Amino acid sequence: MPRNTSTSLSGRSSMSRRLFLTTTGAVTLGATLTACGGSDSGGSSAAAKPVSQADIDKAMKTPTELTFWTWVPNIAKEVALFEAKYPAVKVKVVNAGQGTPQYTKLRTALKAGSGAPDMVQIEYQAIPTFTITDSLLDLRPYGASALKEKFVDWTWQQVSGSKGEVWAIPQDTGPLGMLYRKDIFDKHGIKVPTTWDEFAAAARKLHKAAPDVYLTNLAANQVAAWHGLLWQAGAKPYVLSGKSDITISVDDAVSRKLGAYWGGLAQEGVVSTDPDFTDGWYAGFNKGKYATWITAAWGPAFLSGSAKATSGKWRAAPLPQWDASKPSSGNWGGSTTAVIRSTKNPIAAAMFAQFLNSDPASAKMFATEQFFFPATKALLADSAFTGDAPAFYGGQKVNQVFADISSTVNSSFQWPPFLDQAATDWTETVGKSLADKTDTVRALGTWQTRLTTYAKSQGFTVETP
């Protein structure tokens, strides 16, 4: 998934469509406990015996063709680096859809027992849906554990199983920050809010002074952003134990705090709740309707291409905090490379997943060619990356801002194995309450009930707070 990266933050014409399709978070994840996984290729945690270096060397010198499903544009450049190092292994790149369509096709292929790729692009939030059906290969036997220190801590946690499995290799991330219109802030004497209380006060002050302007827009169709804010607040909405026990807590004290806060601002009419990635939403940025955008690290590159009329007026800052003494953020977006357990070439596939995202040249290429926000510690500390000072942001080093934010993302957040249902239920309850300016806290209770009922119908044992 996208990010704000590297030597330039000038927008790409393809960025808009790609972000719209891959950062909404509403992926279709309808696999149940009875869904079929791939054939056994030694991927279970109990069978995680190390593969010898001799076997790896032999496999990488054996003529092999791998199939890789990915929606990343122009990824052939990174793939070429791998093929140059391992000339006996050829990689066939297939775009099977972006996010939802790809996952649907993948589940169909897994159930049929044929047609699945060797490797696949998969977002962090989609991983539980495929691990619960034993569809992903544990990469530990192929040396993946040795890569842990190369990646930002919380990203490694996102790809790790409860028994230490490594289900995928991180590729890019989306730590949450805040982009703001410095000119609007200056005009109305608003300081950059460092706490959510200050943010609420600024929202009321700005809208009173300029009724056509809102401090921010919290999209009523954006479940991914809501989860990112839950993440920042320290919520644990989903805790999966094993394959059939899950605790669902989308209506606990932390969630209610968030619901009361945003629902209250929406009811006051001091923040807007326009659906995002629509014509009206794009126009709102260009016309100065929104003074901030709570967004991920891919947001700066996206905005610079989508709101060109506002060049030079934006700046970046961390999210306001619930506890200023303990800086925290969440994540929105980012993806990984996983290996399908049914692959006939597990060694070569595993080596590809690791090389693609950990090789310094390949990782840097993602940052400079696709404008992804890095998952590797080395790139986040690279002055060539963090020192970029785009004119769109008044010469501010926005990559550095988000690199610093990345270190504050909580590592304990988990996703459910039925995120599609969570997204649908949120949109029809919490999202609707924001759009209709009704009781968001009450809507959280409805979301909790609907999601609990669904989980039980799929065979899960559900605990609630």
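Not measured: the values here are computed from a predicted model.

Rules behind the numbers
Residues numbered from 1 in each chain as written. Predicted model: local features only at pLDDT ≥ 70, side-chain atom pairs only at ≥ 80, totals over all residues. Heavy atoms only, no water. Helix = DSSP H or I, 4+ residues; strand = E, 2+ residues; numbered from the N terminus. Buried < 20%, exposed > 50% of the residue type's maximum accessible area, 1.4 Å probe, protein only. Areas by Shrake-Rupley, 256 points an atom, 1.4 Å probe, with all protein chains shown as cover. Pairing = 2+ DSSP bridges. Right-handed = clockwise from strand over helix to strand, strands pointing away. Phe/Tyr/Trp six-rings, centres within 6.5 Å; stacked < 30°, edge-to-face > 60°. Lys NZ or Arg CZ within 6 Å of the ring centre and 35° of its normal. Axes fitted to C-alpha atoms, helices over the stretch in contact; angles between N-to-C directions. Core = buried A, V, L, I, M, F, W, Y, C linked by side-chain atoms within 4.5 Å. Contact = heavy atoms within 4.5 Å. Salt bridge = Lys/Arg side-chain N within 4 Å of Asp/Glu carboxyl O. Polar contact = N/O pair within 3.5 Å; in protein donor to acceptor, adjacent residues only side chain to side chain. pLDDT = per-residue confidence, 0-100. Parallel < 35°, antiparallel > 145°, perpendicular 65-115°, else oblique. Left-handed = near helix turned anticlockwise from the far one by under 90°. Nonpolar A, V, L, I, M, F, W, Y, C, P; charged D, E, K, R; others polar.

Details of the overall build of the protein
And step 1. Across its full length, the protein holds 19 helices and 11 strands.
And step 2. For the protein, the residues scored as buried account for 58% of the 465 residues in total.
And step 3. Summed over its atoms, the accessible surface of the protein is roughly 17300 Å², and 52% of this surface lies on carbon and sulfur atoms.

Focus: the pairing of strand E2 (residues 89-94)
And step 1. Pairing of strand E1 (residues 64-69) with E2 involves 6 bridges; the strand directions are parallel. The partner of Thr67 across the bridge, within E2, is Lys92.
And step 2. As for the winding sense of the linkage, the β-α-β connection from E1 through helix H3 (residues 76-85) to E2 is right-handed.

Re the packing of aromatic side chains
Centre-to-centre distance and the angle between the planes together describe a pair of aromatic rings.
And step 1. Within this structure, the stated rule accounts for 41 aromatic pairs.
And step 2. Aromatic side chains Trp281 and Phe285 sit 4.9 Å apart centroid to centroid with 85° between the ring planes, which places their arrangement in the edge-to-face category. Here the residue Trp281 and the residue Phe285 both occupy positions in helix H11 (residues 279-286), the gap between them amounting to 4 residues, near one helical turn.
And step 3. In this structure, Lys257 is placed above the aromatic ring of Trp322, and the distance from its NZ or CZ to the ring centre is 4.6 Å.

Let's talk about the sheet that holds strand E6 (residues 238-241)
And step 1. The sheet built from 3 strands is open, its strands ordered E6-E7-E11 with mixed pairing. Pairing within the sheet leaves two strands with one partner each, and these edge strands are E6 and strand E11 (461-463). On average, adjacent strands in this sheet sit at an angle of 20° to one another, irrespective of strand direction.
And step 2. Direction of pairing for E6 relative to strand E7 (residues 245-248): antiparallel, over a ladder of 4 bridges. When the sheet's bridge partners are listed, Tyr238 is paired in E7 with Ile248.

Here we look at the nonpolar core
One broad trend across soluble globular proteins is that nonpolar side chains are buried collectively.
And step 1. Residues Ile169, Trp226, Trp262, Leu303, Phe352 and Trp447 are the most contacted members of the largest nonpolar core, which totals 140 residues.
And step 2. Residue contributions to this core peak at 9 residues, all from helix H13 (residues 346-358).
And step 3. Those residues in contact with Leu303 that lie beyond four places of it in its chain are Leu179, Phe285, Trp293, Trp314, Phe392 and Tyr393.

Considering the pattern of salt bridges
And step 1. Within this structure, the stated rule accounts for 13 salt bridges.
And step 2. Notably, a salt bridge pairs Glu369 with Lys77, separated by 3.0 Å at the nearest N-O pair. With a gap of 292 residues between them, Glu369 in helix H14 (residues 360-369) and Lys77 in helix H3 connect regions that are remote in the sequence.
And step 3. For Glu369, a relative accessible area of 28% translates into the label partly exposed.
And step 4. Accessibility expressed as a relative area gives 44% for Lys77, which makes it partly exposed.

Let's talk about the side chain of Thr292
And step 1. Counting through the fold element by element, Thr292 comes out in strand E8 (residues 292-295).
And step 2. Overall, the relative accessible area of 1% leaves Thr292 in the buried class.
And step 3. One polar contact links the side chain of Thr292 to the main-chain carbonyl oxygen of Leu215, over a distance of 2.7 Å.
And step 4. Within the local environment of Thr292, its side chain forms a polar contact with the side chain of Thr216, the two groups lying 2.9 Å apart.
And step 5. When neighbours within four sequence positions are excluded, Thr292 is seen to be in contact with Met178, Leu179, Tyr180, Phe185, Phe199, Leu215, Thr216, Asn217 and Trp314.

A short note on the confidence of the model for the protein
And step 1. Looking at the protein as a whole, its pLDDT mean stands at 90, while 90% of the residues score no less than 70.
And step 2. Below a pLDDT of 50 lies the segment residues 1-45, which in the model reaches 179 contacts outside its immediate sequence neighbourhood of four places, other chains included.

Quick look at the sheet that holds strand E5 (residues 177-181)
And step 1. Pairing in this open sheet of 3 strands is antiparallel, and the strands run E8-E5-E9 from one edge to the other. At either margin of the open sheet sits one strand with a lone partner, and together these are E8 and strand E9 (314-318). Going from strand to strand, the sheet's axes swing by 25° on average, the running direction of each strand aside.
And step 2. Relative to E8, E5 is paired through 4 bridges, and the arrangement is antiparallel. Pairing of Tyr180 across the sheet is with Thr292, part of E8.

Examining the environment of Trp71
And step 1. Relative to the elements of secondary structure, Trp71 occurs in the loop between E1 and H3.
And step 2. Relative accessible area serves as the criterion here: at 3%, Trp71 is assigned to the buried category.
And step 3. Along the primary structure Trp71 and Gln98 are separated by 27 residues, whereas in three dimensions their C-alpha atoms are 5.3 Å apart.

Let's talk about the packing of helix H10 (residues 253-268) against helix H19 (residues 440-457)
And step 1. H19 packs onto H10 with a crossing angle of 140° between their chain directions and a minimal axis gap of 8 Å. It follows that H10 is oblique to H19 by the angle criterion. The two elements H10 and H19 cross, and the hand of that crossing is right-handed. Contact residues: H10 offers Ser255, Arg256, Gly259, Ala260 and Gly263, while H19 offers Thr440, Val441 and Leu444.
And step 2. Here the contact of H10 with H19 is built from residues that sort into 3 nonpolar, 4 polar and 1 charged.

Topic: the packing of H13 against H14
And step 1. Here H13 crosses H14 at 60°, and the two axes come no closer than 5 Å. It follows from the interaxial angle that H13 and H14 lie oblique. On H14, the residues that touch Phe355, Leu356, Asn357 and Ser358 of H13 are Pro360, Ser362, Ala363 and Phe366.
And step 2. Residue classes in the contact of H13 with H14 are distributed as 5 nonpolar, 3 polar and no charged.

Details of the environment of Ser272
And step 1. As for its placement among the helices and strands, Ser272 is situated in the loop between H10 and H11.
And step 2. In sequence terms Ser272 and Leu218 are 54 residues apart; their C-alpha atoms lie 6.3 Å from each other.
And step 3. The residues touching Ser272, leaving out its near neighbours within four places in the chain, are Tyr214, Thr216, Asn217, Leu218 and Tyr290.

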